[in-house]
Each structure stands twice: as C-alpha cells, then as structure tokens.
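# Survey of secondary and tertiary structure
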Amino acid sequence: MLTPIILVAGALAANSVTAKRSLRAARDAESLLSAPAASSCSSSLPASCQNTTAETDLCCFEGLGLIQQVQFWDTDPVTGPSDSWTIHGLWPNDCDGNYPENCDSSRDYTDITSLLQNQGASDTLDYMNTYWLSDDESNEKFWEHEWDTHGTCYTTLESSCFSDYETGQDAVTFFTTVVTLFKTLPTYTWLSNAGITPSSSKTYTLKELQAAVQSAAGVTASFDCDDNELYQIEYWFNAQGPVSGGDFVAIDAFEAGSCKSSGIKYLPKDEDDASRKRSQIRKRKASRETRRRRSVKKIADEV
C-alpha cells in the first residue's frame, strides 16, 4: 500500500496558476458506483500540487496529483475510429514529475471485462472496446497493465477510501473516470477545427499543434513523435478533490514532448497510406517509457 505523500507548492504550482479552466470528471451515469469520499470532502481543499500546507486526508486530496491524460494516434496498425484519437491512460505523478508504478500488487486484477459488467459499467466497457485499444496485445492485457501500473497508485482510489468496498470497485471507478475525462478532450476535433487534419503528404509545425489545443482547451499539451510522425498527446491536470467525483484542473504541459519544431507528419488512419514498417511499432513501444523517463528527469533537474 502507498505511504502518505505530502505535497507542497513549488515551481509547478506557479505554472498551474495559468490554468484556464476546470474539467469536471462526472461519474458515469450508468455506473452503480459512488465516488470514494467525494460527498464528504471539503470543497475548499486546494488543488493537488498547489497546496501550501500538508494535506493528510489522502482520500480527499490526491497524493500523486500531477496527472497526465494520454492519447494515442495509431496508424500502423490502425486502432480506433478514423476521426478520433484513442486512450492510452491516466497517469499519476509526484509534483516534481517523478512517479511510482505498480503500487499495490494485491489489487492487480484480471478479466477487466467481467469487473465492469458485474459492477454495472457495461456502457464504459463498450466505449473502451472502441476507444481504448492496444496495437500489439489484447485489450484486456492493455487495460490490466494500465490499472496495475498506474491506477493502483492513486491515493484517492485506495480501497479504504470506499464505503462498503467491493473487490474491483477501485478499478471500475478508475476506468469510468478515465473514459469520462477522455470524452472532454476531443483532440481530433480540436485539431481539425484549426485546419490540422491527417495527411500523407502535408506536415505541420509544433506551434500549429500547440495553438490548436490552446485555443480549444486554454492550456498547452505535450506532443510525442516517432521519426517525425505524431503518435501521442498528453494533457496535464491537477486534481481538486478525489480523482473520481472531484475536478480535474487543466494546467500547461509540465514537460515538452518529443516532437521537433517542424516537419511533423500527422498520418491518416489508412493502412494503405501508412508509411511506417511494422518493425517500427516494436521500436516505438520499447522507447516510449525510456523517452518519458528521460524527459521527466531533465525537467526535474532543471526545477
């Protein structure tokens, strides 16, 4: 289980003052779950990573409160609809960008499908089967990985934060929360509204991508590329209250992504037009976490 983590304001808190809006992660209407501790949490609590005093109730205050909502744009093989990005995950970090993984192996679940169905979240499951897809393993394995590796680390999703806790309730709450937040971040539409659409020949600049997101969301995002091909975006948040039932407070990107300043390819989801070889998928998957760790370490060293 997690040891309580005390977070205080610092360089990130100064940056997060520029947040332009809050995104409420409303609970899935079809879910039978209630948000852990949300109804009993004070509305006056500070947002995570913006507190100036120690917060000890980690069922109401997220102890890992620098949060990334990460989305994929997969073209080879194609995953998801041609007019939508797909979900990678929702990752908690310390306020300095460091992050734990696999925080509670006793809550590593298999058969996420059955968990969702048995706890009244079938609509969430249907959505995941369209928008939360793996490009190299089963969706089940992918979902299990995201919960085991990242979901078990949220302090406000600890099993002790639930009244009358039922096995798997924490994971189901995590998945419904991720889906609900993802629906508020329509990356494809935001880029398209700015004239940025998938193309086999046209390229874009990082400034163009950033401007499109900032115009719609009010904050900047992190864009990741592989050989100048756009494949991932990361939106950054602090949490006010528990991650389920509280507010996601949008902040400017905490770290720069891996895309260069220009020549960025935003390829269509058309297997006939996709230019990458299959071997690049394996290379990309292997390098994702390495790039993320290096980038986070660099930012942390500079703060």
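Every chain's residues receive numbers from 1 upward, in the order its sequence appears when written. In view of the model being predicted, local features appear only for residues whose pLDDT reaches at least 70, and side-chain atom pairs are presented and counted only at 80 or more, with totals across whole chains, interfaces and linings using the full set of residues. Hydrogen atoms and water are omitted, and side-chain values are computed over all heavy atoms in the structure.

Per an unreviewed UniProt entry, the protein goes by ribonuclease T2 and derives from Rhodofomes roseus. Of the protein, the UniProt comment under Sequence similarities (unreviewed entry) reads exactly: "Belongs to the RNase T2 family." UniProt positions are given in the numbering used here, feature names are shortened, and annotations may be inferred rather than shown by experiment.

## Comments concerning the state of the cysteines
By definition, a disulfide links the sulfur atoms of two cysteine residues through a covalent bond. Note on terminology: disulfide denotes any pair of cysteine sulfur atoms within 2.5 Å. A complete count under the given rule lists five disulfides for this structure. Here Cys49 pairs with Cys95 through a disulfide, and the sulfurs are 1.9 Å apart. On the S-S bond that ties Cys49 to Cys95, the torsion sits near -95°, and the link is left-handed. Linking Cys49 in the loop between β1 (22–24) and β2 (66–72) with Cys95 in the loop between β3 (86–93) and α2 (112–118), this pair joins segments that are 46 residues apart in sequence. Across the pair, exposure class does not vary: Cys49 and Cys95 are buried alike. With its sulfur 2.0 Å from that of its partner, Cys59 forms a disulfide with Cys161. Where Cys59 bonds to Cys161 through sulfur, the torsion about that S-S bond is close to -85°, and the disulfide is left-handed. Of the two residues, Cys59 is situated in the loop between β1 and β2 and Cys161 in the loop between α4 (139–149) and α5 (169–182); the sequence distance between them amounts to 102 residues. Both residues of the pair, Cys59 and Cys161, belong to the buried class. Numbering of helices and strands runs from the N terminus; a helix is a DSSP stretch of H or I covering at least four residues, while a strand is a stretch of E covering at least two. Each residue is assigned to one of three classes by its accessible area relative to the maximum for its type, calculated with a 1.4 Å probe on protein chains only: buried under 20%, partly exposed between the two thresholds, exposed over 50%.

## Re the pattern of salt bridges
For this document, the term salt bridge refers to a Lys or Arg side-chain nitrogen within 4 Å of an Asp or Glu carboxyl oxygen. Within this structure, the stated rule accounts for three salt bridges. Asp104 is the salt-bridge partner of Arg107, the closest N and O atoms lying 2.8 Å from each other. Of the two residues, Arg107 and Asp104, neither departs from the other in class, the shared state being buried. For the salt bridge of Asp170 with Arg107, the shortest nitrogen-to-oxygen distance reads 2.8 Å. Here Asp170 is found in helix α5, whereas its partner Arg107 is found in the loop between β3 and α2, with 63 residues between them in sequence. Each of the salt bridges in this network shares a partner with another, and the network as a whole consists of Asp104, Arg107, Glu158 and Asp170.

## Section: unusual backbone geometry
Residue Pro77 is reached from Asp76 by a cis peptide bond, and omega for that bond is 0°. Assignment of secondary structure puts Pro77 in the loop between β2 and β3. A positive phi angle, close to 50°, is found at Asp227, a residue other than glycine. Among the secondary structure elements, Asp227 is positioned in the loop between β5 (222–226) and β6 (229–240).

## Observations concerning the environment of Pro77
Accessibility expressed as a relative area gives 17% for Pro77, which makes it buried. For Pro77 and Asp135, which are 58 residues apart along the polypeptide, the C-alpha to C-alpha distance reads 6.3 Å.

## Description of α5
Between the first and last C-alpha of α5 there are 20 Å, a value that for 14 residues agrees with the 20 Å anticipated at 1.5 Å per step. Counting buried residues in α5 gives 14 out of 14 residues, a clear majority hidden from the surface. What a helix is expected to span follows from its residue count: subtract one and scale by 1.5 Å.

## Side note on the packing of helix α3 (residues 122–131) against α5
When two helices pack together, their arrangement is given by the angle between the helix axes and the distance between those axes. Relative to each other, α3 and α5 sit at 60°, their axes nearing to 10 Å. As far as their axial angle goes, α5 and α3 are oblique. Seen from above, α3 lies across α5 with left-handed handedness. Contact residues: Thr124, Tyr127, Met128 and Tyr131 in α3; Phe175, Thr176, Val179 and Phe182 in α5. Fitted lines through C-alpha atoms give the axes, limited to the stretch in contact for helices. The angle between two N-to-C directions lies from 0 to 180 degrees. Throughout, the term roughly parallel applies to angles under 35 degrees, roughly antiparallel to angles over 145, roughly perpendicular to angles from 65 to 115, and oblique to all others. Crossings are classed by handedness, with left-handed meaning an anticlockwise turn of the near helix from the far one by less than a right angle and right-handed meaning a clockwise turn. In this description, contact between two residues means that some pair of their heavy atoms is separated by no more than 4.5 Å.

## Some points on the packing of aromatic side chains
Any pair of Phe, Tyr and Trp rings, taking the six-membered ring for Trp, is counted once the centres come within 6.5 Å. Such a pair is stacked with planes under 30 degrees apart, edge-to-face with planes over 60 apart, and tilted for the rest. Counted under the stated rule, the structure contains 18 aromatic pairs. When the centroid spacing of 6.2 Å and the interplanar angle of 50° are considered together, the rings of Tyr131 and Phe182 count as tilted. On the criterion of sequence distance, the pair formed by Tyr131 in helix α3 and Phe182 in helix α5 is long-range, its members being 51 residues apart. With centroids separated by 5.7 Å and ring planes inclined at 80°, the aromatic side chains of Phe237 and Phe248 adopt a geometry described as edge-to-face. Of this pair, Phe237 sits in strand β6 while Phe248 sits in strand β7 (residues 247–251), and the two are 11 residues apart along the sequence. Exposure class is identical for Phe237 and Phe248. Each is buried. Here the aromatic cluster, defined as three or more aromatic residues joined through ring pairs, consists of Tyr109, Trp132, Trp147, Tyr154, Phe174 and Phe175.

## Here we look at the confidence of the model for the protein
Regions with low pLDDT should not have their predicted coordinates read in detail. The predictor's confidence in any single residue is recorded as pLDDT, a number from 0 to 100. Averaged over every residue, the pLDDT of the protein is 84; the share at 70 or more is 76%. A low-confidence stretch, residues 1–33 stays under pLDDT 50, and its non-local contacts, those more than four residues away or across chains, total 92 contacts.

## Focus: the pairing of β3
Consecutive side chains of a regular strand alternate in pointing toward one face of the sheet and then the other. Of all the eight residues making up β3, eight are buried; the element is thus mostly covered by neighbouring parts of the structure. Sheet topology note: the β2/β3 ladder contains seven bridges and is antiparallel. Directly across from Gln71, in β3, lies its bridge partner Ile87. Any two strands between which DSSP finds at least two bridges are classified as paired.

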